Amino acid sequence: MILGILRAVLKKDFQTLIKYKLNLFTTLFSIFFYVLIVFFFSETFTIKDPISEGNDQNSLFLFFLSGLLLIDLTVTCASNMPLTINFYQTSGIMEELISDFKTLLLSVIFSISLPFLISLIKFFVYLLLAKFLLNQDIIFSLQLLILFPYFLIYLLSIAGIGLIASSLTIVFKRGNPIIQLNNILTLSLSGAFIPISQLGWIVDSLSHLLPAKHYLEILRRILGIYDSNLALITSSTIWLSSLSLIFFLIGTFVFKQAINYAKLNNNISDY
């Protein structure tokens with residue numbers, strides 16, 4: 001049943017995607033544009049951080065690029081879940097799905113499957129462009145395969161945040177505040193473009209509560225931007241796994257409560 005729901009959701013989302021060819025074109029254009037912007041930043045600025053001491057501009061380029069990859073994955077996947085609920089409500093599908101909570105839950109969670117695959121493809125395209133077009137010294141090896149489990153673990157936290165936003169969409173018909181808050185926190189506290197260590201110990205301590213921060217640490221260590229310290233990678237993995245599970249469980253609980261509340265008030269499909 002799970003595979004059937006996943007296949008159905010992917011098929012529906014893919015059919016919607018190919019109908020809007022302009023979006024595909026703008027996505028391709030944005031990849032080239034962002035790589036050039038990141039290259040410009042890495043050539044223009046320096047960061048007071050260990051990555052820029054005794055290292056070349058490749059590390060700084062990868063520092064900015066990894067932050068861009070994090071933001072792209074977070075924004076693309078998390079924002080799609082409340083949009084899916086919005087589509088279910090306005091199209092009348094919600095009335096059919098509401099009778100089976102498990103089916104509805106899986107349908108909403110799997111709605112990030114296609115955005116995740118697109119982000120994954122963009123991830124490798126970014127690295128390919130950096131290697132072949134901008135002559136960046138990036139070595140593609142089996143080491144990059146280690147990143148895939150971390151993609152999935154981080155995706156669990158995104159699903160949890162998306163479920164919370166979907167809950168607000170069900171009750172208040174708006175889930176954007178949660179998505180916007182998550183985007184702001186990810187951009188400002190994860191260290192995507194500014195090292196958190198430069199913002200003081202209070203901000204650095206608060207950033208440990210964000211799964212994005214630990215995912216980014218792991219990503220940068222595997223890409224060779226930071227030292228590949230096994231102990232630090234293990235610590236970040238524990239943090240990432242624990243926080244992702246907590247976010248997902250909270251999201252599932254809140255989503256179930258929102259469904260029950262909407263049922264009691266008989267406004268599950270009102271929009």
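Right, let's walk through the structure included here.

Rules used in this analysis
Residues numbered from 1 in each chain as written. Predicted model: local features only at pLDDT ≥ 70, side-chain atom pairs only at ≥ 80, totals over all residues. Heavy atoms only, no water. Helix = DSSP H or I, 4+ residues; strand = E, 2+ residues; numbered from the N terminus. Contact = heavy atoms within 4.5 Å. Salt bridge = Lys/Arg side-chain N within 4 Å of Asp/Glu carboxyl O. Buried < 20%, exposed > 50% of the residue type's maximum accessible area, 1.4 Å probe, protein only. Expected span 1.5 Å × (residues − 1). Patch = residues over 30% accessible without salt bridge, like charges linked within 9 Å, V, L, I, M, F, W, Y side chains within 5 Å. Areas by Shrake-Rupley, 256 points an atom, 1.4 Å probe, with all protein chains shown as cover. Phe/Tyr/Trp six-rings, centres within 6.5 Å; stacked < 30°, edge-to-face > 60°. Lys NZ or Arg CZ within 6 Å of the ring centre and 35° of its normal. Axes fitted to C-alpha atoms, helices over the stretch in contact; angles between N-to-C directions.

### A few points about the overall build of the protein chain
- When its secondary structure is counted, the protein chain shows twelve helices and zero strands.
- By sequence separation, contacts in the protein chain at least 24 residues apart represent 76% of the contacts at least 6 residues apart.

### Points about the pattern of salt bridges
- Counted according to the given criterion, the structure contains two salt bridges.
- When the shortest N-O distance is used, the salt bridge between R221 and E217 registers 3.6 Å. Of this pair, R221 and E217 both sit in helix α11 (residues 211–222), four residues apart, which is roughly one turn of the helix. The burial state of R221 is the same as that of E217; both residues are buried.

### Points about helix α8 (residues 147–172)
- The terminal C-alpha atoms of α8, which comprises 26 residues, lie 37 Å apart, in line with the 38 Å expected from a rise of 1.5 Å per residue.
- Two residues or fewer after α8 comes K173, characterised by a positive phi angle close to 65°.

### Details of a nonpolar patch on the surface
- Taken together, W201, I202, L206, L209 and W239 make up a surface patch of nonpolar side chains, about 590 Å² in accessible area.
- Counting residues per element, the nonpolar patch draws most heavily on helix α10 (residues 201–207), at three residues.
- Along the chain, W201 turns up in helix α10.
- Residue W201 is classed as exposed on the basis of its relative accessible area, which comes to 67%.

### Topic: the packing of aromatic side chains
- Evaluated as defined, the whole model comprises seven aromatic pairs.
- Their ring planes at 70° and their centres at 6.2 Å tell us that F116 and F151 sit as a pair that is edge-to-face. Of this pair, F116 sits in helix α7 (residues 113–132) while F151 is found in helix α8, placing the two residues 35 residues apart along the sequence.
- Taking the relative accessible area as the measure of exposure, F116 reaches 6% and is therefore buried.
- Pairing F151 with Y215 gives two aromatic rings, centres 5.9 Å apart and planes at 50°, and the pair type is tilted. Of this pair, F151 sits in helix α8 while Y215 sits in helix α11, and the two are 64 residues apart along the sequence.
- Exposure remark for F151: the relative accessible area of 6% places this residue in the buried category.
- Put simply, the rings of F116, F148, F151, Y154 and Y215 touch in pairs and so form one group of aromatic residues.
- Taking the ring centre of F63 as reference, the NZ or CZ of R220 above it sits at 3.7 Å.

### With respect to the packing of α8 against helix α9 (residues 176–189)
- Where α8 contacts α9, the two axes come as close as 9 Å, and the packing angle between them is 145°. On α9, the residues that touch Y154, I161, I164, A165 and L168 of α8 are I178, I179, N182 and T186.

### What about the environment of A165?
- Positionally, A165 belongs in helix α8.
- Judged by relative accessible area, A165 falls into the buried class, the value being 0%.
- Separated by 80 residues in the primary sequence, A165 and I85 place their C-alpha atoms 9.7 Å from one another.

These figures capture arrangement, not role.
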